[in-house]
Amino acid sequence: MTAPPWLEVLDETLAACRTHGREDLALRLLRRRDRPSGGTRVAVLGFPKQGKGYLVNAVLNAPVCAVGDAPTPAVPVEIGYAAEPAATLIGRSDERIPVAVERMTGEIGARPTGSLRRVEVGVPRELLSAGLVLVDTPAIGDPRSARTAAALDVLADADAVVLVSDATTPLNSAELALAHHVRTWCPHVILALTKIDVCPSWRAVAEKDRTALSDAGIDARVLPVSATVRQAAAKTGDQELNARSGFPELLSWIAEQVARPAERSSALLAAVSVRAAAAELVETLRTRAEVAGRDAGVDQTTLLHRAQRKADDLRKRNTRWQNLLSDEIADLLSDAEFDLRERTRHIVEVIDETFDRGDPIKVWDEFGPWLGDTLTKAVETNYAWAAERAEWIAQAVAVSFGEQYDQPDLQFVDADAELIGEVRQPRIEGFKIGQKMFTGLRGSYGGVLMFGLITNISMGLSMFNPISAAAGVAFAAKTISDEGGMRLQRRQAVAKMTAQRHVDDVFLRFSKDCRDAIRGVQRKLRDHFTALADELSEQLARERETIIAGSAERERRTVRLRREIERLASLHQRAGELGLLAGRAPRELPA
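All of these numbers come straight from a predicted model, not from anything done at the bench.

**Q** So what about unusual backbone geometry? Which residues, and what values?
**A** For residues besides glycine, phi is generally negative; the peptide bonds are generally trans as well. Even without being glycine, Lys49 reaches a positive phi, approximately 60°. Within the fold, Lys49 resides in the loop between β1 (40-46) and α3 (52-60). In this model, Asn61 sits at a positive phi of 55°, which is unusual for a non-glycine residue. Looking at the element boundaries, Asn61 is found in the loop between α3 and β2 (77-81).

Quick look at the structure:
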């Protein structure tokens with residue numbers, strides 16, 4: 001048996017879809033190719049609340065589909081002929097679950113979301129006996145939803161489509177886009193304008209819909225219908241009322257689909273599917289060709305000049321970051337030393353003020369711990385400030401490269417406060433009682449002797465008399481006072497010298513440690529950014545080599561894409577010729 005001519009074109013297009021990564025298009029073409037012979041599938045599509053379920057029930061004169069407020073199935077419902085009413089739920093693993101038709105809606109709602117693939121319903125209707133299968137689809141909605149995907153998936157097997165839109169408003173942009181998509185994949189489409197019995201202006205809406213479809217280049221008739229009038233006519237047997245419902249014309253259109261020769265229908269469906277898949281695939285390849293063309297449009301000299309500018313810019317940045325790092329580290333060293341000097345200078349001022357007014361014997365127990373804590377705080381603050389400044393320097397150097405790159409973990413060393421030992425208490429001698437008595441006796445001796453001689457010569461009194469005795473007491477008190485003051489000054493001087501020397505020791509130690517830490521940061525930053533600069537330089541070198549070697553490859557890739565687009569255009573044209581042979585005029589590939 002000779003294969004039909006459309007099969008070769010379809011297989012070639014299917015292979016092209018797989019070659020270029022459009023497996024979704026390939027699956028659609030595969031379903032069209034492997035479609036069982038015999039039977040006619042008419043899908044009913046539409047947005048929510050357009051009367052799709054009422055229309056299907058009115059066509060069949062049977063309450064098969066959920067209508068009104070009842071939840072509509074999220075999977076397609078395929079309605080075919082059966083001697084007795086029956087319904088079967090088809091699971092994801094193709095398991096078949098028979099259910100009663102009247103409980104079908106409840107059984108579907110009780111199943112977990114996504115567990116069903118479709119529902120098959122059989123009803124004893126003569127309309128279906130010739131192999132017609134009506135497919136009620138989930139309502140079209142969010143393009144990303146599973147319901148919309150399940151509804152549009154029906155197009156791969158549909159021989160014809162009934163689009164449903166009510167007569168309350170003309171077709172909107174979303175409905176026109178849906179009609180365009182459906183017409184692209186299916187050659188036989190009709191627009192059923194429902195609810196005309198409740199919309200007095202349905203004739204104007206129908207005319208607007210015809211104009212909108214024509215302006216959009218969509219070949220689809222507009223057929224006004226009323227399911228309510230159809231049901232009323234069925235109950236009374238009124239043929240005139242049935243004719244006014246519009247359904248006889250709709251049934252005639254469905255009968256035309258059923259009566260179409262199978263081979264001719266298959267050829268036309270294959271031609272339309274090939275043209276739709278080729279058009280989508282060409283758009284994909286054109287996008288790739290445009291990207292490749294942009295690269296190929298830039299000649300090798302321009303790319304090399306661009307790479308050279310990058311290299312020159314990198315050299316400037318190298319000089320810039322090295323100078324920046326050197327200057328900032330030098331400033332940080334100076335500022336860190338000055339900061340610690342300033343903090344210790346304030347401490348020395350407090351030391352001077354403390355011992356200018358206080359006796360070290362009385363205040364040293366409180367002064368010693370204060371000095372240790374204050375120096376610890378000063379050193380830790382100085383280190384923390386230096387660490388923050390080092391982080392800022394690292395960021396500034398990184399920014400000089402023009403892009404965001406990883407920075408090294410500086411780990412600036414913390415101040416080891418335990419190295420700040422407790423200030424050693426100086427040897428401070430007090431003014432003891434024995435020393436005061438000896439000093440007082442020494443002073444009183446001079447006073448008794450001086451005033452004893454004066455009173456002996458002038459007044460003829462003995463050397464030790466009340467006047468000389470009083471003078472001796474006064475001189476003793478003054479001598480003790482003077483000696484105590486001199487001893488206090490010596491103690492204050494010793495305490496100041498001891499505390500200041502301790503502060504100087506701390507400054508020298510931690511100033512040196514801080515400088516070493518900053519130098520460590522400098523070396524770490526230098527090594528890190530030198531490695532980064534070397535890496536960027538190597539990347540530019542590789543880019544330059546790629547430019548030299550890759551221009552020819554880009555040109556070859558562009559040529560291959562153009563040839564593939566031309567081949568697909570040829571397939572599109574061949575499919576159009578097949579469609580012409582099947583009784584349809586071909587559509588040109590969109591520019």
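Picking up after the structure, the text goes on.
**Q** Hey, could you go over the confidence of the model for the protein chain for me, with residue numbers and the actual values?
**A** In this model, the protein chain carries a mean pLDDT of 85, and residues with pLDDT of at least 70 account for 94%. Considering only residues more than four positions removed or in separate chains, one finds that residues 585-591, a stretch of pLDDT under 50, has 16 contacts.

**Q** Quick rundown of the side chain of Thr88? Include the residues and the values.
**A** Examined against the element boundaries, Thr88 turns out to sit in strand β3 (residues 86-91). For Thr88, a relative accessible area of 15% translates into the label buried. Setting aside residues up to four positions removed in sequence, Thr88 forms contacts with Arg96, Ile97, Pro98, Arg118, Val119 and Glu120.

**Q** I'd like a description of the packing of aromatic side chains, backed by residues and values.
**A** The final tally for this structure, using the stated rule, is 7 aromatic pairs. Geometrically, the ring pair formed by Trp321 and Phe529 is tilted, given 5.9 Å between the ring centres and 50° between the ring planes. On the criterion of sequence distance, the pair formed by Trp321 in helix α12 (residues 300-357) and Phe529 in helix α15 (residues 466-581) is long-range, its members being 208 residues apart. Trp321 gets classed as buried once you look at its relative accessible area, which sits at 2%. Overall, the relative accessible area of 1% leaves Phe529 in the buried class. Measuring from centroid to centroid gives 5.8 Å for Phe355 and Trp364, while their planes differ by 25°, and the two rings are stacked. Given the relative accessible area of 0%, Phe355 is considered buried. Among the residues examined, Trp364 registers a relative accessible area of 4% and is labelled buried. Members of the aromatic cluster, joined through ring pairs, are Phe355, Trp364, Phe367 and Trp370. Its end group placed over the ring of Trp185, Arg28 keeps NZ or CZ at 4.6 Å from the ring centre.

Thresholds, definitions, all that
Residues numbered from 1 in each chain as written. Predicted model: local features only at pLDDT ≥ 70, side-chain atom pairs only at ≥ 80, totals over all residues. Heavy atoms only, no water. Helix = DSSP H or I, 4+ residues; strand = E, 2+ residues; numbered from the N terminus. pLDDT = per-residue confidence, 0-100. Contact = heavy atoms within 4.5 Å. Buried < 20%, exposed > 50% of the residue type's maximum accessible area, 1.4 Å probe, protein only. Phe/Tyr/Trp six-rings, centres within 6.5 Å; stacked < 30°, edge-to-face > 60°. Lys NZ or Arg CZ within 6 Å of the ring centre and 35° of its normal.

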